[in-house]
Amino acid sequence: MTITAYTARAVHTMNPSQPTGQCVAVRDGRVLGVGPLEEIERFGEVRVDDRYADKVLVPGFVEGHSHALEGSIWDYVYLGYFDKYDPEGGYWAGVKSPEAVRDRLAEHIGDGPEDEPLICWGFDPVYFEGERVDKRLLDSVSDTRPIVIMHASLHVMVVNSATIRLAALADKDLEGVMRGADGEPNGELQEIPAMHLVFDALGFDIFDGASNEHALHRYASAARRKGITTVVDLLNPMNDAAIDALRAATGRADYPVRLVPALNALAWDPQAGSERVMDAMRHNHDRLHFGLVKLVTDGAIQNFTARLQWPGYLTGPENGAWNAPPQTFHEMVQHYHGAGLHMHIHTNGDEAIGMILGALDEALAMWPRPDHRHTLQHVQLIRQDQLRRVARLGACLNIFANHIYYWGDIHLTKTLGFDRCQRLEPAASADRMGIPFGIHCDAPVTPLSPLFTAWCATTRQTAGGTVLGEAERISRARALEAITLGAAYTLRMDDRVGSLEPGKWADVTVLDEDPLASDTPLKDIGVHDTLLSGVPTGGG
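Rules behind the numbers
Residues numbered from 1 in each chain as written. Predicted model: local features only at pLDDT ≥ 70, side-chain atom pairs only at ≥ 80, totals over all residues. Heavy atoms only, no water. Axes fitted to C-alpha atoms, helices over the stretch in contact; angles between N-to-C directions. Helix = DSSP H or I, 4+ residues; strand = E, 2+ residues; numbered from the N terminus. Parallel < 35°, antiparallel > 145°, perpendicular 65-115°, else oblique. Left-handed = near helix turned anticlockwise from the far one by under 90°. Contact = heavy atoms within 4.5 Å. Nonpolar A, V, L, I, M, F, W, Y, C, P; charged D, E, K, R; others polar. Domains from an automatic or database assignment. Buried area = accessible area lost by both parts, 1.4 Å probe. Salt bridge = Lys/Arg side-chain N within 4 Å of Asp/Glu carboxyl O. Core = buried A, V, L, I, M, F, W, Y, C linked by side-chain atoms within 4.5 Å. Buried < 20%, exposed > 50% of the residue type's maximum accessible area, 1.4 Å probe, protein only. Phe/Tyr/Trp six-rings, centres within 6.5 Å; stacked < 30°, edge-to-face > 60°. Lys NZ or Arg CZ within 6 Å of the ring centre and 35° of its normal. Pairing = 2+ DSSP bridges. Disulfide = S-S within 2.5 Å.

At their nearest, the axes of helix α15 (residues 450-459) and helix α16 (residues 476-490) sit 9 Å apart, and the two run at 140 degrees to each other. With respect to α16, the element α15 is oriented oblique. Handedness of the α15/α16 crossing: right-handed. Note on element contacts: α16 touches α15 through R476, A479 and I483, opposite P450, L451, A454 and T458. Residue classes in the contact of α15 with α16 are distributed as five nonpolar, one polar and one charged.

Okay, structure coming up:
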């Protein structure tokens with residue numbers, strides 16, 4: 001069997017027994033060993049590949065919370081506050097005011113037929129002063145063609161009067177259908193049940209848009225360019241069409257990442273959902289890994305829809321919204337835990353975190369299960385006592401480190417205030433308590449880039465330059481582990497990916513500089529290439 005040794009300026013393995021080396025040896029798609037070349041040659045004849053001799057090799061990055069929606073959402077009009085790049089590298093300037101939003105809508109209102117909705121995304125009105133943007137701004141562009149704008153968080157949408165009429169929102173008595181002083185819908189819809197009134201009326205669901213091969217390939221290509229070799233799709237419909245697309249895309253030999261879909265539990269009856277996941281697991285292979293179940297409890301803090309404990313929000317409404325009654329989540333946790341499945345649970349506010357910890361406590365009391373690895377996702381406002389409870393329950397965390405950069409300034413001045421901002425995304429506390437954790441980007445909410453996420457966790461710097469919670473900073477080495485082995489652990493894939501150890505898949509990220517030795521900020525270190533099963537993907 002052919003042995004290929006990739007030499008490098010430095011190799012960081014995330015294996016504490018063999019943390020560094022001079023080359024990575026690959027055979028049959030797996031890591032044969034890391035070390036001096038002369039030691040590798042004991043296995044037999046070695047073909048030396050020195051294309052990365054001046055680069056740095058690290059384990060392939062593992063993105064443990066993002067969405068294949070990144071591969072389809074750029075088909076719609078971007079209305080975000082921050083500048084962004086699409087999967088093909090195209091530049092989209094951010095919109096900085098309601099007037100700029102109106103102008104961009106006006107540019108695109110003539111695109112497509114009058115009876116087709118104009119879909120936009122990335123909207124972040126929390127950055128705008130004054131009244132919340134509602135149907136009036138959209139109606140000033142058109143009150144006849146349906147307009148749908150998704151907030152950046154994907155937890156809120158704003159629609160115009162044409163959409164309100166089509167969805168008959170005036171007749172809907174639902175908590176998330178927001179109304180003005182006149183009692184009529186103002187165009188804002190908060191959280192999944194309310195947004196689905198519009199999706200159903202218009203005959204589309206933006207979250208289902210990723211259930212096609214083209215979107216899955218765009219998603220994989222975008223991930224590869226940022227050094228990611230294993231990526232999740234953490235809210236997949238897992239209907240027949242979605243599973244067919246996942247199998248077809250990952251079945252191609254040139255698919256450059258390993259894909260881990262998670263069932264959208266709120267879209268399924270628990271019994272049918274667990275049966276669907278277990279049936280899908282029959283199709284697992286090296287590039288496709290079914291087995292996760294995703295629950296979404298509350299909303300997003302910057303939208304004022306996350307569920308907070310006392311004292312609630314600094315400004316705005318008293319509290320956020322549940323995506324289902326808490327008792328429903330208790331029943332879902334008990335069912336999926338009892339079925340032996342692996343849950344990843346969206347929890348932003350501390351009230352939502354407390355509710356889910358109670359549900360896990362109940363489920364584990366009824367069905368003790370060592371090494372369950374149920375993972376709380378985001379945990380932006382988790383308290384110290386809740387962290388101790390997470391440790392006691394043996395759960396994992398996946399921390400939304402990017403949130404500090406993109407919304408930290410807003411949390412300081414509008415949603416949380418000074419004290420609670422110091423505990424946002426408390427990675428250092430999780431580390432001190434021995435809680436397994438990864439860190440993530442939640443693309444397309446924020447851009448795919450594990451090195452940027454690692455930079456956020458090490459600096460805790462907002463877009464405005466303020467440092468929030470200096471005591472919760474983690475080291476570069478710990479951040480690098482969180483985007484490799486830590487994230488892999490939360491996916492129950494640490495036996496296959498996340499470190500460069502003998503027997504694991506030879507998934508490697510090739511960097512221009514050493515993340516542990518260079519003075520260059522982590523976010524500015526270039527990704528040169530990736531290897532999947534020891535084969536270069538051409539990502540540089």
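Moving on: the domain arrangement of the protein. The domains assigned to the protein are domain 1 (1-60 + 499-540), domain 2 (73-202) and domain 3 (213-497). Using C-alpha coordinates to define each centre, domain 2 is positioned 26 Å away from domain 3. On the domain 3 side, the residues contacting the 27 residues of domain 2 number 26 residues. Buried area between domain 2 and domain 3, summed over both chains or domains, comes out near 2100 Å², and the portion from carbon and sulfur atoms is 55%. Interface area lost by domain 2 to domain 3 is led by P87, V126 and E191, which between them contribute 24%. Applying the counting rule to domain 2 against domain 3 returns three salt bridges.

Moving on: the nonpolar core. Core analysis: the largest hydrophobic core is formed by 143 residues, its most contacted members being L105 and L397. Per-element tally for this core: the top contributor is helix α10 (residues 350-366), with nine residues. When neighbours within four sequence positions are excluded, L397 is seen to be in contact with T375, L376, V379, I382, L387, V390, A430, I435, P436, F437, G438 and T490. With 14 residues, the next largest nonpolar core counts V31, Y52, A506 and V510 among its residues.

Another aspect to go through is the packing of aromatic side chains. Within the structure shown, the criterion is met by 21 aromatic pairs. Aromatic pair F199 and F207: ring centres 6.1 Å apart, planes at 90 degrees, arrangement edge-to-face. Classification of F207 by relative accessible area gives buried; the value is 19%. Geometrically, the ring pair formed by F452 and W455 is tilted, given 5.6 Å between the ring centres and 35 degrees between the ring planes. In this pair, F452 and W455 both sit in helix α15, three residues apart, roughly one turn of the helix. Classification of F452 as buried rests on a relative accessible area of 13%. The buried category is assigned to W455, whose relative accessible area is 8%. Among the aromatic residues, those joined into a cluster by ring pairs are Y81, F82, Y127, Y405, Y406, W407, F452 and W455. One cation-aromatic arrangement involves R258 over W505; the distance from NZ or CZ to the ring centre is 3.9 Å.

On to the sheet that holds strand β21 (residues 437-439). Consider a sheet: its strands pair through backbone hydrogen bonds, and that pairing is either parallel or antiparallel. Strand order in the open sheet formed by eight strands is β6-β15-β16-β17-β18-β19-β20-β21, with parallel pairing between adjacent strands. Only two strands of the sheet have a single partner each, and these edge strands are β6 (61-63) and β21. Averaged over all adjacent pairs, the angle separating strand axes in this sheet is 20 degrees, with direction ignored. Inspection of the sheet shows strand β16 (residues 258-264) paired to strand β17 (residues 292-296) by three bridges, in the parallel sense. Note on β17: the bridge partner recorded for A262 is L292.

Time to look at the packing of helix α6 (residues 213-225) against helix α7 (residues 240-250). Two elements in contact, α6 and α7, have axes whose closest approach is 9 Å; the angle formed by their N-to-C orientations is 50 degrees. Comparing their axes, α7 and α6 come out oblique. You can see that α6 and α7 cross each other, and the crossing is right-handed. Between α6 and α7, the contacting residues are E213, L216 and H217 on the first element and A245, L246, A248 and A249 on the second. Its residues assigned to classes, the contact of α6 with α7 shows five nonpolar, one polar and one charged.

Across all of its chains, the model carries zero disulfides by this definition. The structure places no disulfide on C441, whose sulfur is separated from the nearest cysteine sulfur, that of C456, by 10 Å. Classification of C441 by relative accessible area gives buried; the value is 0%.

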